[in-house]
Amino acid sequence: MRQFDHQRPNPARMYDYMLGGKANYAVDRLAIEQLAELIPEAVPLARANRAFLQRAVRYVAAAGVRQFLDLGSGLPTQGSAHEVAPEAQVVYVDHDPVVAAHARALLDGARRSSDPGGAVVVEADLLDPDDVLAQAGRFLDLAEPVGVLMVSILHFLPDSALPHRAVAALRERLAPGSFLVITHATTRERGHQGSSASGGSDRTPAEIRTFFGDFVLEPPGLVQAVDWRPDRPKLVGDWSLPSSLMAGVAKKSPL
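Computed from a predicted model, the values in this text were never measured in an experiment.

Trainee: I'd love a proper account of helix α3 (residues 42-62), names of residues and values included.
Mentor: Given a rise of 1.5 Å per residue, 21 residues ought to cover 30 Å, and the 30 Å separating the end C-alpha atoms of α3 matches this to within 8%. One or two positions beyond α3, positive phi appears at Gly64, with a value near 105°.

This is the structure we're talking about:
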């Protein structure tokens, strides 16, 4: 297995730490602690993002979908799709070869201690939909509905990388009855697209909506991640997260 650099923080390991996982090193924990001092909502937002993913996977599975394609998945730990829907076939996709290798090792370890279901990892870039679908097609029946997860990945891609074209190509190839699940950073106050520190873009809600194309948004539509079919009603005194992470689930209508 290709090894992580233990001396430098890695986004996938950092995210694992924010979710309470163990697939991280001291350098990752230190980076998150420093980040939390600058952006106190960073860890709560990461956990709200993962909680949304879990609710969305349960929702799509309840609709009868038994296969999922998780793009830009990072490390499959702490409530990932295969844990939420253990009866489903799940293909995790990451473009970083080191992350993909580590992810495979984590799933192999899970198989030795328990049954992780039909979860596999492939190395591919979501900006190359032909390659993504060719690799995923080895494990998924693309003639049947698929739940495609693009959770906190599209805002890392600037318009110059043509993410809308890649997502449109994926939508076109999905079978009717498929679902598209997206979370995306946003800034409500501005009326124009802005660049993020990562070189990506925190698009407006209207811009985010275009990623769904002609797929039909399921109720309650495109909303804050914490407000998409919450497990419980908000209580008095609940800390409100800033409205900077939008979420939606949309379905491809029959032909």
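Trainee: Before we move on, could you go through the side chain of Asp28 and cite the residues and values that matter?
Mentor: Position of Asp28 among the secondary structure elements: in helix α2 (residues 26-38). On the accessibility criterion, Asp28 (0% relative accessible area) is buried. Setting aside residues no more than four positions away along its own chain, Asp28 makes contact with Arg8, Pro9, Asn10, Arg13 and Met14.

Trainee: Outline the environment of Ala63, supporting the account with residue identities and numerical values.
Mentor: By the element assignment, Ala63 lies in the loop between α3 and β1 (67-71). Judged by its relative accessible area of 48%, Ala63 falls in the partly exposed class. It is 9.7 Å that separates the C-alpha atoms of Ala63 and Phe179, two residues lying 116 residues apart in sequence.

Trainee: Describe the packing of aromatic side chains, and please don't skip the residues or the numbers.
Mentor: Under the criterion given, the structure shown has three aromatic pairs. With 5.5 Å between their ring centres and 90° between their planes, Phe52 and Trp228 make a pair best called edge-to-face. Taken together, the residues Phe52 in helix α3 and Trp228 in the loop between β7 (223-224) and β8 (245-251) connect sequence positions 176 residues apart. Note on Phe52: relative accessible area 0%, which makes it buried. Owing to a relative accessible area of 0%, Trp228 belongs among the buried residues under this scheme. Measuring from ring centre to ring centre gives 6.4 Å for Tyr59 and Phe179, while their planes differ by 90°; the resulting arrangement is edge-to-face. Placement of Tyr59 in helix α3 and of Phe179 in strand β5 (residues 179-185) is noted, with a sequence separation of 120 residues between them. Here Phe179 falls in the buried class, since its relative accessible area comes to 2%. We note Arg229 situated over the ring of Trp228; from NZ or CZ to the ring centre the distance is 5.7 Å.

Trainee: I'd like to hear about helix α6 (residues 129-136), residue by residue, with values.
Mentor: Residues spaced three or four apart along an α-helix face the same direction, because each turn holds 3.6 residues. Within the span of α6, buried status applies to Pro129, Val132, Leu133, Gln135 and Ala136. Looking straight down α6, one finds that the buried residues subtend no more than 165° of arc, so they occupy a single side. Where α6 is buried, its residues contact β1, β2 (89-94), β3 (118-123) and α7 (163-173).

Trainee: Describe the pattern of salt bridges, listing the residues and the values that go with them.
Mentor: Evaluation of the coordinates by the stated rule reveals four salt bridges. Of the charged contacts in the structure, one is a salt bridge between Asp231 and Arg58, with a shortest N-O distance of 3.2 Å. With Asp231 in the loop between β7 and β8 and Arg58 in helix α3, the pair connects residues that are 173 residues apart, well separated along the chain. By relative accessible area, Asp231 is classed as exposed at 61%. For Asp130, the salt bridge identified is with Arg173, shortest N-O distance 3.1 Å. Of this pair, Asp130 sits in helix α6 while Arg173 sits in helix α7, and the two are 43 residues apart along the sequence.

Trainee: If you had to explain the layout of surface pockets to someone new, which residues and values would you point to?
Mentor: The space that makes up the largest pocket amounts to roughly 1,600 Å³. In this structure, the largest pocket is lined by 49 residues; those nearest its centre are Pro11, Tyr15, Ser152, His155 and Phe156. The set of elements that each furnish at least two residues to the lining of the largest pocket consists of α1 (11-18), α2, α3, β1 and β2. Broken down by element, the residue count for the lining of the largest pocket peaks at six residues, all from α3. Classifying every residue of the lining of the largest pocket gives 27 nonpolar, 15 polar and seven charged.

Trainee: Provide a residue-level description of the nonpolar core, including the pertinent values.
Mentor: Within the largest apolar cluster, 33 residues are counted, with the highest numbers of intra-cluster contacts made by Phe52, Phe68, Leu149, Val181 and Val249. Listing elements by their share of this core, those giving two or more residues are α3, β2, α5 (97-113), β3, β4 (147-151), β5 and β8. In terms of residue count, α3 provides more of this core than any other element does, seven residues in total. Excluding anything up to four places from it in sequence, Phe52 contacts Val181, Ile182, Thr183, Ala225, Trp228, Ala247, Gly248 and Val249. Leu126, Leu140, Met150 and Phe212 belong to the second largest nonpolar core, which has 30 residues in total.

Criteria and thresholds
- Residues numbered from 1 in each chain as written.
- Predicted model: local features only at pLDDT ≥ 70, side-chain atom pairs only at ≥ 80, totals over all residues.
- Heavy atoms only, no water.
- Helix = DSSP H or I, 4+ residues; strand = E, 2+ residues; numbered from the N terminus.
- Expected span 1.5 Å × (residues − 1).
- Buried < 20%, exposed > 50% of the residue type's maximum accessible area, 1.4 Å probe, protein only.
- Contact = heavy atoms within 4.5 Å.
- Phe/Tyr/Trp six-rings, centres within 6.5 Å; stacked < 30°, edge-to-face > 60°.
- Lys NZ or Arg CZ within 6 Å of the ring centre and 35° of its normal.
- Arc of directions from axis to C-beta.
- Salt bridge = Lys/Arg side-chain N within 4 Å of Asp/Glu carboxyl O.
- 1 Å grid on protein atoms, 1.4 Å probe; cavity = no way out; pocket = protein on both sides within 12 Å on 5 of 7 lines; lining within 4 Å.
- Points joined across faces, edges and corners; volume = space filled by probe spheres on them.
- Nonpolar A, V, L, I, M, F, W, Y, C, P; charged D, E, K, R; others polar.
- Core = buried A, V, L, I, M, F, W, Y, C linked by side-chain atoms within 4.5 Å.

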